[in-house]
Amino acid sequence: MGPDEIRSQGFSLKELFRDVAYEIDYYQRDYTWGEDEVRTLLRDLCEAFRNWSTDPAYLRRPHTAPQYFLGPFVYYEPSKNRRYLVDGQQRFVTLHLLFLQLRLWAQEAGYPRAVDRLNRVVTTDGDQFSVGITDHDPVLRAVSEGRKYETGAGDSLSRRNVWARSQQIESQLVEELDAEKLHRFTEWLLDRVVLVGIRAASADHGYRMFETMNDRGARLTAVDLLKSHLLSHVGTGEDQLNTQWHEMLRELTTDREDPAAASRFIKAYLLAHCAREGLGDDRRQIATNLNVWVRQNAAHLGLVPERPDNFLKFVQDMLKSARLYRPFLAASRELKRDGDRLETVLFNERNGLSVQAVAVLAAINPDDQPSDAKDKGRLVAAYLDRWYALRVLQDLPVQSADADTLVHTTLVPLLRNSRTVTDVASALGNLVLHDPGSIRDAVTLGLRGNNAHQIRYLLARATAYVEEACRRPHDILAYLDRDQFHIEHLWANHHHRVREEIPDSVVFRSLRNQLGGLGLLMGRENSSINDLPLHDKAALYARSNVLLGIIAPGYDRRNPLLRDLIKTHQLDKTLRSFGPRESMTTVIETRQELYLSLFEHIWNPQRLGIPVSLPTAHNDHDEPPGHACQTTPRRRPATGGRRTDVAKMIDAQVLTAGTRIVLTYRSTDHWATIDESGGIILAATGGTPYGRADEAGAVARGTKTCQGMNEWHVEDEDGMRTTLRTLRDRAVESGAL
């Protein structure tokens, strides 16, 4: 190559990582990708894979499928099989973590071909990692070996982040894809996902390219192009429009490190106020090419040359909305402890419900008073938070696609027509009135294969609620941080200690993981006591939060505020201590009831400001507060929002509610029943159904993963067994699915 010659080449991931070690130069920043960036990348990959895997032609001839372009990267190559990344470190580290998690799964599932292929991209020689950032090595070793990495004071922020993102990828993979699809996903990922490498001639040349690419004045964005379009048509109001446009941008600059804030706001505003109901193309185009959508839909928006005043009003309305939205933008980045009560805005953001911005803006009118706008947005955020909690408690999907459907098809049309705060409250109250299911459905819900984040959120809210009621200092953000607080199991994973009480290992595993058997404990405490019996840990719990401390006998004797909470909420039978002779079953069932009672208070619609007028079946004055605000449990619609293959077969009547299925593991039959929503209820445990065959199978087997569709069988009258996968494939071939 010449001294400044630049070359480019397309690489599939198998080509990109095979026998090549990637390093970074001194001027590169640390690995900084957070939950949002990793969630978006993995979600996009899984969505592209699902689109590919549903096309029979591509399944028959995978090499004919279109490639998925993951973007460019810049590098230079000082020697053969050794490359320095100039641009692309964040994606490369994330992809490497994804490979590590897929290899762990393939090893456990017994797929030697997948293990071999992943070995080739994980390391260069069986030992040296292909993304060779020395600081990350201890974490990568732990992930590679399937063990926990204990973060310490000497760990860099980058190293801590690598560990956190690896755990996020592990849980999100299980959430996004069934186990039987992970093998095919691995093949697709390695063969059909490509990046374009731009090769610099040398280290100095790479550095100059790095400086050029990071020049802040580099390129026009969609926001710039939209502004130019509006300015070119506003006529004599050009100066006024330009001034107000810059005012709008200033309103959205609460964080100088977030240059995309203006683009996100304008997209959300257009989706909230301008996108046509029922037109998915509007949503897709606004999300990907907002300035083009505005040009192409000029007549719909009233932005026509003969009405230049409309262009100015369009910007004025956006400016007014930006001013009214600013408190919510700030609340989505930092927990506000003032009187605005916008905590749920941050919670929703952390729970992946960033689409709340669209719903909030749909409720706000540009001419609203600031106090009214804040009240409207607070109600919307609280409703979304409650929706999320109910979905988790009913073991229903809470992915971004589910929130998108709720916001765009239900909330936006309702809220656009709600002029006052009372209108918004009434509209949301009507939705609450028709919620299927209730908090009380979660009689046995707990930790499962893919819900650690959601269970942590429930525990954090309950823990903070009780601490606040007892006027104790607390930090809910610390509770939500997996490094600061661990999910504590009251019972260690030693079945032999309770075998006399609970002979069945499946029942033990299920019971141990129920909400009632969990709490939040500071990480340093959890690491030192997690193997002790409960009665030995109880005294140590007393120096922790109230929800754990109450387990210790005598904890409430000198705590009048705690006694007031117990009396007010009638929790005397559940928020209590336990003696050493009380059984595991009694403790966990009692505390499960405690958590559900607390959740009813936390997400009581009337407490959230959402009025609900419910018919009451009786007037029992002894009923705890909060029960009066719960809807009578209703039958869920068909699949209750599940998108699993089992749920689809129930909808198509390939399977019927009540069908019994069986899984055999180590010569033991484990039976379960499929309910009307496609959930799977283990015969050994009963209670809250498992949302996926994989999860139910993993609990029955006592393993981390399970290919549920392959291992669960339907047995006919003659004792012949057919896998759920076979039934599904037959239904697809016949056109029933």
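Residues numbered from 1 in each chain as written. Predicted model: local features only at pLDDT ≥ 70, side-chain atom pairs only at ≥ 80, totals over all residues. Heavy atoms only, no water.

**Digging into the layout of surface pockets**
Turning to step 1, where the next piece is worked out: Counted as a void, the second largest pocket has a volume near 760 Å³.
Turning to step 2, where the next piece is worked out: Around the second largest pocket, the lining is made up of 23 residues, and of these Arg341, Glu343, Arg461, Glu468 and Arg607 lie nearest the centre.
Turning to step 3, where the next piece is worked out: Listing elements by their share of the lining of the second largest pocket, those giving two or more residues are helix H17 (343–350), helix H19 (370–393) and helix H22 (452–469).
Turning to step 4, where the next piece is worked out: For the lining of the second largest pocket, the element with the highest residue contribution is H19, accounting for five residues.
Turning to step 5, where the next piece is worked out: Looking at the lining of the second largest pocket, its residues break down into nine nonpolar, three polar and 11 charged. (1 Å grid on protein atoms, 1.4 Å probe; cavity = no way out; pocket = protein on both sides within 12 Å on 5 of 7 lines; lining within 4 Å. Points joined across faces, edges and corners; volume = space filled by probe spheres on them. Helix = DSSP H or I, 4+ residues; strand = E, 2+ residues; numbered from the N terminus. Nonpolar A, V, L, I, M, F, W, Y, C, P; charged D, E, K, R; others polar.)

**Focus: the pairing of strand E7 (residues 518–522)**
Turning to step 1, where the next piece is worked out: With four of its five residues buried, E7 lies for the most part within the structure.
Turning to step 2, where the next piece is worked out: Judged from the five bridges that link them, strand E6 (residues 485–489) and E7 form a sheet pairing that is antiparallel. The residue of E7 that forms the bridge with Ile487 is Leu520. (Buried < 20%, exposed > 50% of the residue type's maximum accessible area, 1.4 Å probe, protein only. Pairing = 2+ DSSP bridges.)

**A few points about the pattern of salt bridges**
Turning to step 1, where the next piece is worked out: Counting across every chain of the model gives 45 salt bridges.
Turning to step 2, where the next piece is worked out: For Arg117, the salt bridge is made with Glu187, and the minimal N-O distance between the two is 2.6 Å. Remark: Glu187 occurs in helix H8 (residues 179–192) and Arg117 occurs in helix H5 (residues 112–122); sequence separation between them is 70 residues.
Turning to step 3, where the next piece is worked out: Put simply, Arg461 and Asp385 hold a salt bridge, and the shortest N to O gap is 2.9 Å. With Arg461 in helix H22 and Asp385 in helix H19, this pair connects stretches of sequence that are 76 residues apart.
Turning to step 4, where the next piece is worked out: Connected via shared salt-bridge partners are Lys14, Arg113, Arg117, Glu187 and Asp191. (Salt bridge = Lys/Arg side-chain N within 4 Å of Asp/Glu carboxyl O.)

**Some thoughts on the sheet that holds strand E1 (residues 7–12)**
Turning to step 1, where the next piece is worked out: Overall, mixed pairing links the five strands, which are arranged E1-E5-E3-E4-E2 in an open sheet. Both outer strands of the open sheet, E1 and strand E2 (21–24), are each paired with one neighbouring strand and no more. On average, each strand axis in the sheet is tilted by 40° relative to the strand beside it, whichever way the strands run.
Turning to step 2, where the next piece is worked out: Across the sheet, helix H2 (residues 35–53) is in contact with strand E3 (68–79) and strand E5 (193–199); its angle to E3 comes to roughly 120°.
Turning to step 3, where the next piece is worked out: Here helix H4 (residues 89–109) sits on the sheet and contacts E2, E3, strand E4 (82–87) and E5; the angle it forms with E3, its principal contact strand, is near 105°. (Axes fitted to C-alpha atoms, helices over the stretch in contact; angles between N-to-C directions. Contact = heavy atoms within 4.5 Å.)

**Overview of the nonpolar core**
Across soluble globular proteins, nonpolar side chains show a tendency to be buried alongside one another.
Turning to step 1, where the next piece is worked out: Counting 119 residues, the largest nonpolar core has Ile266, Leu270, Leu411 and Phe599 as its most contacted members.
Turning to step 2, where the next piece is worked out: Among the elements that make up this core, the one with the highest residue count is H19 (13 residues).
Turning to step 3, where the next piece is worked out: Not counting residues up to four positions away in its chain, the partners in contact with Leu411 are Ala359, Tyr383, Leu384, Leu406, Leu428 and Leu431.
Turning to step 4, where the next piece is worked out: Listed in part, the 57 residues of the second largest apolar core include Tyr22, Leu42, Tyr75 and Phe129. (Core = buried A, V, L, I, M, F, W, Y, C linked by side-chain atoms within 4.5 Å.)

**Here's the deal with the sheet that holds strand E11 (residues 713–715)**
Turning to step 1, where the next piece is worked out: Sheet architecture is open: five strands sit in the order E10-E9-E8-E11-E12, paired in antiparallel fashion. If you trace the sheet from one side to the other, it starts and ends with strand E10 (680–682) and strand E12 (721–723), each paired once. Across this sheet, the average inter-strand angle for adjacent strands is 40°, counted without regard to direction.
Turning to step 2, where the next piece is worked out: When E11 meets E12, the two strands line up antiparallel, connected through three bridges. What sits directly across from Glu715, in E12, is Arg721.
Turning to step 3, where the next piece is worked out: The strands touched by helix H31 (residues 693–701) are strand E8 (660–665), strand E9 (668–674) and E10; relative to E10, the strand with the most contacts, the crossing angle is about 10°.
Turning to step 4, where the next piece is worked out: Docked against the sheet, helix H33 (residues 724–734) engages E8, E11 and E12, running at close to 70° with respect to E12.

**Notes on H31**
Turning to step 1, where the next piece is worked out: Of all nine residues that make up H31, nine are buried, and the element is covered over most of its length.
Turning to step 2, where the next piece is worked out: Listed as buried for H31 are Ala693, Asp694, Glu695, Ala696, Gly697, Ala698, Val699, Ala700 and Arg701.

The analysis is restricted to geometry; functional conclusions fall outside its scope.
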